2 protein chains.
Amino acid sequence: MTELLAGRLREVLPDEAVITDPVRLRTYECDGLTYHRATPGVVVLPETAEQVAAVVRLCQEFRVPFVARGSGTGLSGGALPRSDGVLIVTSRMRRILSVDLAARRAVVEPGVTNLAITEAVRDAGYYYAPDPSSQQICSIGGNIAENSGGAHCLKYGFTVNHVLALELVTPDGDIVELSAMDAGYDLLGAFIGSEGTLGIATKITVRLSRAPAAVTTMLAAFTTIEGGGRAVSAIIGAGIVPAAIEMMDALAIEAAEAAVRCEYPAGAGAVLVVELDGPEAEVEAQFALVDRICREAGAFEIRVAASAEERQAIWKGRKSAFAAVGRISPAYIVQDGVVPRTALPDVLAGIDRLQEEFGIRVANVFHAGDGNLHPLVLFDDAVEGEGERAELVSGRILDLCIEHGGSITGEHGVGVDKARYMPRMFTDEDLDTMQLVRCAFDPRYLSNPGKVFPTPRLCGEVPQVRKGPHPHEAELF
Amino acid sequence: MTELLAGRLREVLPDEAVITDPVRLRTYECDGLTYHRATPGVVVLPETAEQVAAVVRLCQEFRVPFVARGSGTGLSGGALPRSDGVLIVTSRMRRILSVDLAARRAVVEPGVTNLAITEAVRDAGYYYAPDPSSQQICSIGGNIAENSGGAHCLKYGFTVNHVLALELVTPDGDIVELSAMDAGYDLLGAFIGSEGTLGIATKITVRLSRAPAAVTTMLAAFTTIEGGGRAVSAIIGAGIVPAAIEMMDALAIEAAEAAVRCEYPAGAGAVLVVELDGPEAEVEAQFALVDRICREAGAFEIRVAASAEERQAIWKGRKSAFAAVGRISPAYIVQDGVVPRTALPDVLAGIDRLQEEFGIRVANVFHAGDGNLHPLVLFDDAVEGEGERAELVSGRILDLCIEHGGSITGEHGVGVDKARYMPRMFTDEDLDTMQLVRCAFDPRYLSNPGKVFPTPRLCGEVPQVRKGPHPHEAELF
């Protein structure tokens, strides 16, 4: 049966675009969340939307599930393959189709990397704003599936704020277009962040942003994390929206130091990285204010980058933080939650209590400006039970986020990893409402099944839209 | 049968909350688009979400359609009642439930007026950003249904950018919550702008914005509309995002002059109203640049408001423009379309050609910064055939918008008025995709039927989400 489907796939795809060799299949067995693994049944490498649509229609015909994959950098297992299904990899769809600087937009294929868009327009003074840490390799298609964010999303918004239109292949295999300018329903917003469960984006129109005239990056060191927290509240309270406000606690700083020698000030209980951008005069005025606020909140050292190299040096510690904890711990879980910014102090205190209760260390790295936490839960997998305790702490952190009016994911998505937490956040009724939409698009439950929603649910009858007279007459009056 | 339903409605609603008296019913026969009228079968005035839900469940039981109505200021007939249905008016749901300045959010009921939110937080230095011209009377519930904009949406975005969470009654009569912070699908975005076809918002959490430190309002007069257009392009091209850039052409200026004596510079072929806001230093720097750009583009007079009174004087002409054309024409159609900003000159030239071809005058008022046109198509209903020609010109303008990559509505919605234009913009497949979502929420087609979609369509079987095992097994491999 595999061979039958593979044969049919080869009829609609170019040479070498259908992979069935077990060794090659295994290279696709996980995405950035390596904890979950599954060897895909078949891997296909389509080059056009028509080919994607043809693959999806074959999956419908054979009733096998399909999963889309970009660069495989996701951190919630959203691109985990199905061993009983087809993995549709967009790595051959890497063309930048058009750039229109006057209209400030570019049209790209889904396999184009996030950074490649910026590189295509940088010389003209433009860039693509959302900047996940993996921006050098992650694909724009994956960004759409996960509604990816990044350090600068505080000021500039997430993927959904920078995508103007999409062409997509629906789970039925139709090619349709969605646009932010549309009359009718804004399905663009619902599609972005739907993690591959509503179809596969095949052409993306992104907004290009004007590069700011001036950028100032500063590092402020505090003896305690509370001091850093006070500074964040005061900056936002003063009406300033920095391009980024990132915070790292002592353990995260220790890890970064061990890994990349970022040379942050010694003895810091927390550091803030604040980046201001905009017109020269505005940045200067804001910098003076942020500097004063940080000192008043207890900063004992403030460094300002005087060159692009110094800016990179400041960012280096922050950007390497996830990988860096590997230097101070044999294993770790990257958690991702979000809370209203005002709840950050309470949630951090709660994480402290969890560390004590379970004897598990947590390094905190976060997009402080928008309340998005990335606790790194450290454990030693050689110590019996420690992995389980780390997992427990990781889950409890999400409970804390929910208790404080937040969410189980800030920017990494639900994927396969957090589907089980969804009922902690949503009632059955809320989940059913979402699943109704899923059923509308994907009644046979073939488009990335097992992701996002905790329980596979049946859609009942397949809804069909039929032309016809108004279904109810004026029978009442 | 009316009496039977009215009796049941009286069981679930307070006294005086069910209106069946024909004279009183007639006061609800239209919204801001008076061209379409229908006397509602029954009007109800619920006070709580539970009462709204109870009304909706009765409508389901009796299989009668229901329409929600806020203040009735909509310009596309979205709140046009059904003579065979129930009109659910939110005017008794006017409480501001909570204001949290630290978290910059307020929770309000749907009948609260747009301006009342700003009034509640103005003294503390905050405001609610989207500002439709009708903001003194329009309701926040209606703003959500239509995803309302306003002059300042260029910089600050539309309703969808300022609503953080919603409680709503689904067409089934369930009360559910949607939040922008949610994991899972972003149904908040799909609901906002769905014009009452996916349910009724009963509690709204809005984002509060910090009032800017400085505001500068200027009026620039040009001999030709091309000059004004060049200035708009150059301002945006310089990387400035003004709070607002409004344009009016000679005919619109003439009308405003006749109506409110706004005393715009004599001999102007076009005026631009540009408002800059932000930190003092930024506004000053931007003003100098905008002033220079306007002069280079041919402005022959530039006025800057030196006081709040002068600011109001500048805005008075613009804000009165719609009503003002009543002074120079017995009747007119307010059109609403949007095009990419770069296409504005072509579309304006096209409108000129239509005026000549059909002998119909068009006054142009627009949110120039985001390409949102409000052509006012003038006609004399006493002249045989002129109304029809005006209607034809009005439709042709929308064709122009679509041809240039725009949309049939910028901010007024589709409603009952533009449903017939939807097939000019969308393929049957695109419309079916939207209707699938509608079917998911409203399978019996009872929630504001006849709006948005041109053809009533049947939903086939009612989709049902049922818990159960995965619907397909690993039958392939």
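If you're wondering where the values come from, they're calculated on a predicted model, not measured in any experiment.

## Overview of the overall build of chain A
Looking only at helices and strands, one finds 16 helices and 21 strands in chain A. Relative to the 2.2 N^0.38 estimate, which gives 23 Å for 477 residues, the radius of gyration of chain A is 24 Å and therefore close to what a compact globule would have. The dimensions of chain A, computed from C-alpha atoms along their principal axes, are 70 × 65 × 60 Å. Here chain A, with 477 residues, has 60% of them falling under the buried criterion. Put simply, of all contacts in chain A between residues at least 6 apart along the chain, 71% involve residues at least 24 apart. Accessible surface computed for chain A: about 17700 Å², of which carbon and sulfur atoms make up 49%. Side chains of chain A give 43 positive and 64 negative charges; the mean places of these two sets differ by 3 Å.

## Topic: the sheet that holds strand β1 (residues 18-19) of chain A
Residues and elements named next belong to chain A. Across the sheet, 4 strands lie side by side as β1-β2-β4-β3; this open sheet has mixed pairing. Of all the strands in the sheet, the pair left with one neighbour each is β1 and β3 (66-69). Pairing of β1 with strand β2 (residues 42-44) involves 2 bridges; the strand directions are antiparallel. Note on β2: the bridge partner recorded for V18 is V44. Each of β2, β3 and β4 (86-89) is contacted by helix α3 (residues 49-62), which is oriented at about 170° to β4, the strand it contacts most.

## Some points on the domain arrangement of chain A
Residues and elements named next belong to chain A. Segmentation of chain A into domains returns domain 1 (2-89), domain 2 (96-210), domain 3 (213-309) and domain 4 (329-433). For domain 1 versus domain 4, the distance between C-alpha centres works out to 31 Å. With 7 residues of domain 1 at the interface, the matching set in domain 4 holds 6 residues. Between domain 1 and domain 4 the total buried area reaches about 530 Å² when both faces are included, carbon and sulfur atoms providing 62% of it. When residues of domain 1 are sorted by the area they lose upon contact with domain 4, H36, L75 and S76 head the list and together hold 73% of the total. Connecting domain 1 to domain 4 are 0 salt bridges. Scanning the region where domain 1 abuts domain 4 turns up 4 residue pairs in polar contact (both at pLDDT 80 or more). Looking at the side of domain 1 that touches domain 4 residue by residue, the classes come out as 3 nonpolar, 4 polar and no charged.

## Digging into helix α3 (residues 49-62) of chain B
Residue and element names in this part refer to chain B. For α3, spanning 14 residues, the distance from its first C-alpha to its last is 20 Å, which sits close to the expected 20 Å at 1.5 Å a residue. α3 sits mainly inside the fold: 11 of its 14 residues count as buried. Regarding α3, the residues found buried are A49, Q51, V52, A53, A54, V55, V56, L58, C59, Q60 and F62. Once α3 finishes, R63 follows within two positions and takes phi at roughly 55°, a positive value.

## Regarding the pattern of salt bridges
In the structure shown here, the tally under the stated rule is 34 salt bridges over all chains. Residue A:K155 pairs with A:D277 through a salt bridge whose shortest N-O separation is 2.8 Å. With a gap of 122 residues between them, A:K155 in helix α6 (residues 153-156) and A:D277 in strand β14 (residues 270-278) connect regions that are remote in the sequence. By relative accessible area, A:K155 is classed as partly exposed at 27%. By relative accessible area, which is 4% here, A:D277 ends up buried. The salt bridge involving B:R37 is made with B:E29; its shortest N-O contact spans 2.8 Å. Of the residues examined, B:E29 reaches a relative accessible area of 18% and is grouped as buried. Salt bridges sharing common partners tie together A:R8, A:E11 and A:E61.

## Remarks on the packing of aromatic side chains
A full pass over the atoms with the stated rule returns 4 aromatic pairs over all chains. With centroids separated by 5.3 Å and ring planes inclined at 75°, the aromatic side chains of A:Y185 and B:F453 adopt a geometry described as edge-to-face. With A:Y185 in the loop between β9 (175-179) and α7 (187-191) and B:F453 in the loop between α16 (428-441) and β20 (457-458), this residue pair bridges two chains. Here A:Y185 matches B:F453 in class, with each residue buried. A cation over a ring is seen here: A:K319 above A:W315, with NZ or CZ 5.5 Å from the ring centre.

## A closer look at unusual backbone geometry
Residue and element names in this part refer to chain B. Look at R104: it is not a glycine, yet its phi comes out positive at around 55°. By secondary structure assignment, the location of R104 is in the loop between β5 (96-100) and β6 (105-108). Residue V452 is not a glycine yet carries a positive backbone phi of 70°. Residue position: V452 is located in the loop between α16 and β20.

## Describing the pairing of β9(A)
A regular strand places its side chains on the two faces of the sheet in alternate fashion. Residue and element names in this part refer to chain A. Along β9, the buried face is formed by V176 and L178; none of I175, E177 and S179, which line the opposite face, is buried. Bridge count between strand β8 (residues 163-169) and β9: 5 bridges; the pairing is antiparallel. Across the sheet, L168 pairs through a bridge with V176, a residue of β9. Between β8 and β9, which follow one another and run antiparallel, lie 5 residues, and G173 among them has a positive phi close to 95°.

## A look at helix α4 (residues 114-121) of chain A
All names here are of chain A. Inspection of α4 places N114, L115, I117, T118 and V121 among the buried residues, and these make up the whole buried set. Across the axial projection of α4, the buried residues extend over an arc of 155°, all falling on one side. Among the structural elements, β5 (96-100), β6 (105-108), β7 (126-127), α5 (140-146) and β10 (200-207) are those in contact with the buried residues of α4.

## Quick word on the side chain of B:H412
Residues and elements named next belong to chain B. With respect to the helices and strands, H412 occurs in the loop between α14 (386-403) and α15 (422-425). For H412, a relative accessible area of 12% puts it in the buried group. With residues near it in sequence (within four places) discarded, H412 still touches L75, S76, E146, F322, V334, D336 and H374.

## Considering the sheet that holds β6(B)
Residue and element names in this part refer to chain B. The strand order across the open sheet formed by 5 strands is β5-β6-β10-β8-β9, and the pairing between neighbours is antiparallel. Whereas interior strands pair on both sides, the edge strands pair on one side only; in this sheet they are β5 and β9 (175-179). The sheet shows a mean angle of 15° between the axes of neighbouring strands, taken without regard to direction. Inspection of the sheet shows β6 paired to strand β10 (residues 200-207) by 4 bridges, in the antiparallel sense.

## Some words on the packing of helix α8 (residues 225-237) of chain B against helix α10 (residues 280-296) of chain B
Residue and element names in this part refer to chain B. Look at α8 against α10: their axes get within 9 Å of each other, and the N-to-C directions meet at 145°. Our pair here, α8 against α10, has a crossing hand that is right-handed. Contact residues: α8 offers A231, A234 and I235, while α10 offers V290, I293 and C294. Residues of the contact of α8 with α10, tallied by class, amount to 6 nonpolar, no polar and no charged.

## Here we look at the confidence of the model for chain A
Across chain A, the average pLDDT comes to 91, with 95% of residues at or above 70. For the stretch residues 469-477 of chain A, pLDDT sits under 50, and the model shows 31 contacts to residues farther than four places along the chain or on other chains.

## Notes on a nonpolar patch on the surface
All names here are of chain A. A cluster of nonpolar side chains, contributed by I96, V99 and L101, occupies part of the molecular surface with about 190 Å² of accessible area. Position of I96 among the secondary structure elements: in strand β5. Judged by relative accessible area, I96 falls into the partly exposed class, the value being 33%.

## Brief notes about the packing of helix α13 (residues 344-358) of chain A against helix α14 (residues 386-403) of chain A
Two measures define how a pair of helices packs: the angle their axes make with one another and the distance between the axes. Residue and element names in this part refer to chain A. Remark: α13 packs on α14, axes separated minimally by 10 Å, with the N-to-C direction vectors making an angle of 160°. Taken together, α13 and α14 sit at an angle that is classed as roughly antiparallel. The way α13 lies across α14 gives a crossing that is right-handed. Seen from α13, the contacting residues are V347, G350, I351, L354, E357 and F358; seen from α14, they are R389, L392, V393, R396, I397 and L400.

What counts, and at which threshold
- Residues numbered from 1 in each chain as written.
- Chains lettered and ligands numbered in written order.
- Predicted model: local features only at pLDDT ≥ 70, side-chain atom pairs only at ≥ 80, totals over all residues.
- Heavy atoms only, no water.
- Helix = DSSP H or I, 4+ residues; strand = E, 2+ residues; numbered from the N terminus.
- Rg over C-alpha atoms; globule rule 2.2 N^0.38 Å.
- Buried < 20%, exposed > 50% of the residue type's maximum accessible area, 1.4 Å probe, protein only.
- Contact = heavy atoms within 4.5 Å.
- Areas by Shrake-Rupley, 256 points an atom, 1.4 Å probe, with all protein chains shown as cover.
- Lys, Arg positive; Asp, Glu negative; His and termini not counted.
- Charge placed at Lys NZ, Arg CZ, Asp CG, Glu CD.
- Pairing = 2+ DSSP bridges.
- Axes fitted to C-alpha atoms, helices over the stretch in contact; angles between N-to-C directions.
- Domains from an automatic or database assignment.
- Buried area = accessible area lost by both parts, 1.4 Å probe.
- Salt bridge = Lys/Arg side-chain N within 4 Å of Asp/Glu carboxyl O.
- Polar contact = N/O pair within 3.5 Å; in protein donor to acceptor, adjacent residues only side chain to side chain.
- Nonpolar A, V, L, I, M, F, W, Y, C, P; charged D, E, K, R; others polar.
- Expected span 1.5 Å × (residues − 1).
- Phe/Tyr/Trp six-rings, centres within 6.5 Å; stacked < 30°, edge-to-face > 60°.
- Lys NZ or Arg CZ within 6 Å of the ring centre and 35° of its normal.
- Arc of directions from axis to C-beta.
- Left-handed = near helix turned anticlockwise from the far one by under 90°.
- pLDDT = per-residue confidence, 0-100.
- Patch = residues over 30% accessible without salt bridge, like charges linked within 9 Å, V, L, I, M, F, W, Y side chains within 5 Å.
- Parallel < 35°, antiparallel > 145°, perpendicular 65-115°, else oblique.

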